[in-house]
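Summary of the model geometry
Below, each chain spelled out in residue letters.
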Amino acid sequence: MLGSYLAFPLYRLSQSGISYSSVAAAVLFEWLGKEYQRKPKTRQNLCKRLVIISLCSLVYMSLWGSFIFWNASITYSDGTTVRIHEAAKHFLNSPAWKELKKSINEVYGYAQEHSWWAVYDKFLEKLDPQGEQHALKVLGLDKTASQEEITAQYRKLVKQWHPDKHRDAASKEKASERFIEIQEAYEILSKSDRTGHSKKFPRNEF
(Lines give C-alpha, C1' and ligand atoms only; values in the text may rest on other atoms or scores of the structure.)
Protein backbone atom coordinates (compact mmCIF):
# COMPACT_ATOMS: atom_id res chain seq x y z
CA MET A 1 0.00 0.00 0.00
CA LEU A 2 2.81 2.40 0.90
CA GLY A 3 4.52 1.66 -2.40
CA SER A 4 1.32 2.36 -4.30
CA TYR A 5 0.96 5.74 -2.62
CA LEU A 6 4.60 6.68 -3.16
CA ALA A 7 4.20 6.00 -6.87
CA PHE A 8 0.89 7.86 -7.07
CA PRO A 9 2.39 11.11 -8.52
CA LEU A 10 3.45 9.09 -11.55
CA TYR A 11 -0.23 8.81 -12.53
CA ARG A 12 -0.09 12.46 -13.52
CA LEU A 13 3.31 12.26 -15.20
CA SER A 14 3.04 9.07 -17.19
CA GLN A 15 0.36 6.93 -18.79
CA SER A 16 2.08 3.83 -17.33
CA GLY A 17 1.70 4.98 -13.73
CA ILE A 18 -0.08 1.77 -12.78
CA SER A 19 3.05 -0.26 -13.65
CA TYR A 20 5.27 2.01 -11.53
CA SER A 21 2.82 1.66 -8.66
CA SER A 22 2.88 -2.12 -8.90
CA VAL A 23 6.69 -2.24 -9.01
CA ALA A 24 7.00 0.05 -5.98
CA ALA A 25 4.49 -2.02 -4.03
CA ALA A 26 6.31 -5.26 -4.92
CA VAL A 27 9.72 -3.86 -3.88
CA LEU A 28 8.47 -2.66 -0.52
CA PHE A 29 6.70 -5.96 0.09
CA GLU A 30 9.90 -7.88 -0.71
CA TRP A 31 11.86 -5.61 1.60
CA LEU A 32 9.50 -5.34 4.56
CA GLY A 33 6.65 -7.74 4.04
CA LYS A 34 8.52 -11.01 4.48
CA GLU A 35 9.76 -10.32 7.99
CA TYR A 36 8.02 -12.55 10.49
CA GLN A 37 8.31 -13.76 14.05
CA ARG A 38 8.85 -17.37 14.95
CA LYS A 39 6.24 -17.14 17.65
CA PRO A 40 2.78 -16.42 16.29
CA LYS A 41 1.29 -13.14 17.37
CA THR A 42 -1.63 -13.17 19.73
CA ARG A 43 -4.86 -12.51 17.88
CA GLN A 44 -6.28 -9.05 18.34
CA ASN A 45 -9.86 -8.58 19.42
CA LEU A 46 -12.51 -8.41 16.74
CA CYS A 47 -13.33 -4.70 17.13
CA LYS A 48 -9.72 -3.64 16.71
CA ARG A 49 -9.31 -5.85 13.64
CA LEU A 50 -12.48 -4.40 12.09
CA VAL A 51 -11.24 -0.85 12.74
CA ILE A 52 -7.88 -1.62 11.09
CA ILE A 53 -9.56 -3.28 8.09
CA SER A 54 -11.94 -0.32 7.74
CA LEU A 55 -9.08 2.21 7.82
CA CYS A 56 -7.07 0.24 5.27
CA SER A 57 -10.14 -0.01 3.04
CA LEU A 58 -10.66 3.75 3.27
CA VAL A 59 -7.03 4.38 2.32
CA TYR A 60 -7.29 1.99 -0.62
CA MET A 61 -10.58 3.47 -1.84
CA SER A 62 -9.21 6.99 -1.49
CA LEU A 63 -6.40 6.04 -3.86
CA TRP A 64 -8.82 4.81 -6.50
CA GLY A 65 -11.17 7.71 -5.81
CA SER A 66 -8.37 10.19 -6.44
CA PHE A 67 -7.40 8.44 -9.67
CA ILE A 68 -10.99 8.39 -10.94
CA PHE A 69 -11.61 12.00 -9.89
CA TRP A 70 -8.60 13.34 -11.82
CA ASN A 71 -8.68 11.03 -14.86
CA ALA A 72 -12.24 9.84 -15.55
CA SER A 73 -14.62 11.83 -17.73
CA ILE A 74 -18.33 12.12 -18.46
CA THR A 75 -19.69 11.92 -22.00
CA TYR A 76 -23.03 13.59 -22.72
CA SER A 77 -25.56 12.44 -25.30
CA ASP A 78 -24.33 15.09 -27.74
CA GLY A 79 -20.79 13.68 -27.58
CA THR A 80 -19.33 16.40 -25.33
CA THR A 81 -16.73 15.04 -22.90
CA VAL A 82 -15.99 16.69 -19.55
CA ARG A 83 -13.49 15.62 -16.91
CA ILE A 84 -15.05 14.74 -13.55
CA HIS A 85 -12.91 17.24 -11.62
CA GLU A 86 -13.96 19.97 -14.06
CA ALA A 87 -17.63 18.97 -13.75
CA ALA A 88 -17.32 19.09 -9.95
CA LYS A 89 -15.83 22.59 -10.16
CA HIS A 90 -18.69 23.75 -12.38
CA PHE A 91 -21.22 22.18 -10.01
CA LEU A 92 -19.80 24.13 -7.05
CA ASN A 93 -20.45 27.32 -9.03
CA SER A 94 -23.91 26.26 -10.19
CA PRO A 95 -27.24 27.74 -8.96
CA ALA A 96 -28.25 24.29 -7.65
CA TRP A 97 -25.27 24.16 -5.25
CA LYS A 98 -25.80 27.76 -4.14
CA GLU A 99 -29.46 27.01 -3.48
CA LEU A 100 -28.48 23.92 -1.48
CA LYS A 101 -26.03 25.93 0.63
CA LYS A 102 -28.70 28.54 1.21
CA SER A 103 -31.17 25.88 2.36
CA ILE A 104 -28.60 24.34 4.71
CA ASN A 105 -27.86 27.75 6.23
CA GLU A 106 -31.59 28.41 6.66
CA VAL A 107 -32.08 25.05 8.37
CA TYR A 108 -29.13 25.70 10.68
CA GLY A 109 -30.44 29.17 11.53
CA TYR A 110 -33.90 27.76 12.20
CA ALA A 111 -32.38 25.13 14.51
CA GLN A 112 -30.41 27.79 16.40
CA GLU A 113 -33.52 29.91 16.85
CA HIS A 114 -35.87 27.07 17.82
CA SER A 115 -34.29 23.62 18.28
CA TRP A 116 -33.23 20.59 16.29
CA TRP A 117 -36.46 18.90 17.40
CA ALA A 118 -38.34 21.70 15.65
CA VAL A 119 -36.29 20.97 12.52
CA TYR A 120 -37.20 17.29 12.85
CA ASP A 121 -40.90 18.20 13.16
CA LYS A 122 -40.61 20.45 10.12
CA PHE A 123 -38.95 17.64 8.19
CA LEU A 124 -41.81 15.28 9.07
CA GLU A 125 -44.27 17.93 7.99
CA LYS A 126 -42.59 18.24 4.58
CA LEU A 127 -42.67 14.46 4.15
CA ASP A 128 -46.45 14.59 4.69
CA PRO A 129 -46.69 10.96 5.92
CA GLN A 130 -50.48 11.16 6.47
CA GLY A 131 -51.19 13.03 3.24
CA GLU A 132 -52.71 16.03 5.02
CA GLN A 133 -50.77 18.68 3.09
CA HIS A 134 -51.77 17.18 -0.24
CA ALA A 135 -55.38 16.90 0.94
CA LEU A 136 -55.41 20.57 1.95
CA LYS A 137 -53.95 21.49 -1.44
CA VAL A 138 -56.71 19.53 -3.18
CA LEU A 139 -59.34 21.48 -1.25
CA GLY A 140 -57.51 24.77 -1.82
CA LEU A 141 -56.85 25.44 1.88
CA ASP A 142 -53.78 26.17 3.98
CA LYS A 143 -52.59 24.23 7.03
CA THR A 144 -54.22 26.66 9.47
CA ALA A 145 -57.74 25.77 8.23
CA SER A 146 -60.16 24.61 10.92
CA GLN A 147 -62.40 21.56 10.59
CA GLU A 148 -65.40 23.83 9.97
CA GLU A 149 -63.59 25.56 7.09
CA ILE A 150 -62.61 22.18 5.66
CA THR A 151 -66.21 20.94 5.78
CA ALA A 152 -67.55 24.11 4.18
CA GLN A 153 -64.97 23.98 1.38
CA TYR A 154 -65.66 20.28 0.83
CA ARG A 155 -69.40 20.86 0.40
CA LYS A 156 -68.72 23.71 -2.01
CA LEU A 157 -66.37 21.64 -4.17
CA VAL A 158 -68.49 18.48 -4.31
CA LYS A 159 -71.40 20.57 -5.61
CA GLN A 160 -69.13 22.16 -8.20
CA TRP A 161 -67.54 18.89 -9.37
CA HIS A 162 -70.43 16.47 -9.07
CA PRO A 163 -70.44 14.35 -12.27
CA ASP A 164 -74.20 14.83 -12.76
CA LYS A 165 -73.65 18.54 -13.39
CA HIS A 166 -71.50 17.87 -16.46
CA ARG A 167 -73.10 16.76 -19.72
CA ASP A 168 -70.40 15.90 -22.26
CA ALA A 169 -68.25 12.78 -21.80
CA ALA A 170 -64.86 14.54 -21.46
CA SER A 171 -66.07 16.98 -18.81
CA LYS A 172 -67.96 14.23 -16.99
CA GLU A 173 -64.85 12.04 -16.79
CA LYS A 174 -62.71 14.92 -15.53
CA ALA A 175 -65.35 15.90 -12.99
CA SER A 176 -65.63 12.31 -11.79
CA GLU A 177 -61.86 12.10 -11.15
CA ARG A 178 -61.89 15.46 -9.38
CA PHE A 179 -64.93 14.46 -7.34
CA ILE A 180 -63.22 11.28 -6.11
CA GLU A 181 -60.03 13.22 -5.31
CA ILE A 182 -62.02 15.73 -3.23
CA GLN A 183 -63.78 12.96 -1.32
CA GLU A 184 -60.49 11.20 -0.55
CA ALA A 185 -58.94 14.47 0.63
CA TYR A 186 -61.88 15.20 2.92
CA GLU A 187 -61.76 11.68 4.33
CA ILE A 188 -58.06 12.10 5.21
CA LEU A 189 -58.65 15.45 6.89
CA SER A 190 -61.71 14.19 8.75
CA LYS A 191 -59.65 11.42 10.36
CA SER A 192 -56.81 13.76 11.39
CA ASP A 193 -56.65 15.76 14.59
CA ARG A 194 -56.47 19.32 13.30
CA THR A 195 -55.79 20.79 16.75
CA GLY A 196 -53.00 18.34 17.43
CA HIS A 197 -51.60 18.93 13.97
CA SER A 198 -51.40 22.68 14.54
CA LYS A 199 -49.63 22.18 17.85
CA LYS A 200 -47.22 19.59 16.57
CA PHE A 201 -45.87 21.60 13.66
CA PRO A 202 -44.78 25.23 14.20
CA ARG A 203 -46.15 27.75 11.76
CA ASN A 204 -42.85 29.47 11.16
CA GLU A 205 -41.38 28.88 7.75
CA PHE A 206 -37.71 28.57 6.86
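No experiment lies behind these values; they were computed from the predicted model shown.

So, on to the pattern of salt bridges. Within this structure, the stated rule accounts for one salt bridge. Glutamate 181 is the partner of arginine 178 in a salt bridge, and the nearest nitrogen-oxygen pair spans 3.5 Å. On the criterion of helical spacing, the pair formed by arginine 178 and glutamate 181 is a turn pair, its members being three residues apart in helix H10 (residues 169-191).

This part is about the packing of aromatic side chains. For any pair of aromatic rings, the description rests on two quantities: the centre-to-centre distance and the angle between the ring planes. Following the criterion strictly, the structure yields six aromatic pairs and no others. Centre to centre, the rings of phenylalanine 69 and tryptophan 70 are 5.2 Å apart; their planes meet at 85 degrees, and the pair counts as edge-to-face. Taking relative accessible area as the criterion, phenylalanine 69 reaches 32% and is therefore assigned partly exposed.

Since the α-helix advances by 3.6 residues per turn, residues separated by three or four positions end up pointing in the same direction. Regarding helix H8 (residues 132-139), the residues found buried are Glu132, Ala135, Leu136, Val138 and Leu139. Buried residues of H8, seen end-on, are gathered within an arc of 155 degrees and therefore sit on one face of the element. Of the residues one or two after H8, glycine 140 is the one with positive phi, at around 75 degrees.

In this section: the packing of helix H4 (residues 46-71) against helix H5 (residues 84-92). Where H4 meets H5, the axes come as close as 5 Å, and the angle between the chain directions of the two elements is 80 degrees. By the angle between their axes, H4 is roughly perpendicular relative to H5. When H4 is examined against H5, the residues Ile68, Phe69 and Trp70 are found in contact with a partner set consisting of Ile84, His85 and Ala88. Across the contact of H4 with H5, the residue classes break down as five nonpolar, one polar and no charged.

What follows deals with the confidence of the model for the protein. Chain-level pLDDT for the protein is 80 on average; 73% of the residues reach the 70-or-more range. Helix H11 (residues 194-200) is the least confidently modelled element of the protein, averaging 45 in pLDDT, while helix H9 (residues 147-160) averages 92, the highest of any element. When the criterion is pLDDT under 50, residues 195-206 qualifies, and its contacts beyond four places in sequence or with other chains add up to 23 contacts.

If you look at soluble globular proteins, the nonpolar side chains tend to sit buried side by side. Within the largest apolar cluster, 15 residues are counted, with the highest numbers of intra-cluster contacts made by Leu139, Ile150, Ile182 and Leu189. At the level of secondary structure, the elements contributing two or more residues to this core comprise H8, H9 and H10. With five residues, H10 is the single largest residue contributor to this core.

The rules behind each value
- Residues numbered from 1 in each chain as written.
- Predicted model: local features only at pLDDT ≥ 70, side-chain atom pairs only at ≥ 80, totals over all residues.
- Heavy atoms only, no water.
- Salt bridge = Lys/Arg side-chain N within 4 Å of Asp/Glu carboxyl O.
- Helix = DSSP H or I, 4+ residues; strand = E, 2+ residues; numbered from the N terminus.
- Phe/Tyr/Trp six-rings, centres within 6.5 Å; stacked < 30°, edge-to-face > 60°.
- Buried < 20%, exposed > 50% of the residue type's maximum accessible area, 1.4 Å probe, protein only.
- Arc of directions from axis to C-beta.
- Axes fitted to C-alpha atoms, helices over the stretch in contact; angles between N-to-C directions.
- Parallel < 35°, antiparallel > 145°, perpendicular 65-115°, else oblique.
- Contact = heavy atoms within 4.5 Å.
- Nonpolar A, V, L, I, M, F, W, Y, C, P; charged D, E, K, R; others polar.
- pLDDT = per-residue confidence, 0-100.
- Core = buried A, V, L, I, M, F, W, Y, C linked by side-chain atoms within 4.5 Å.

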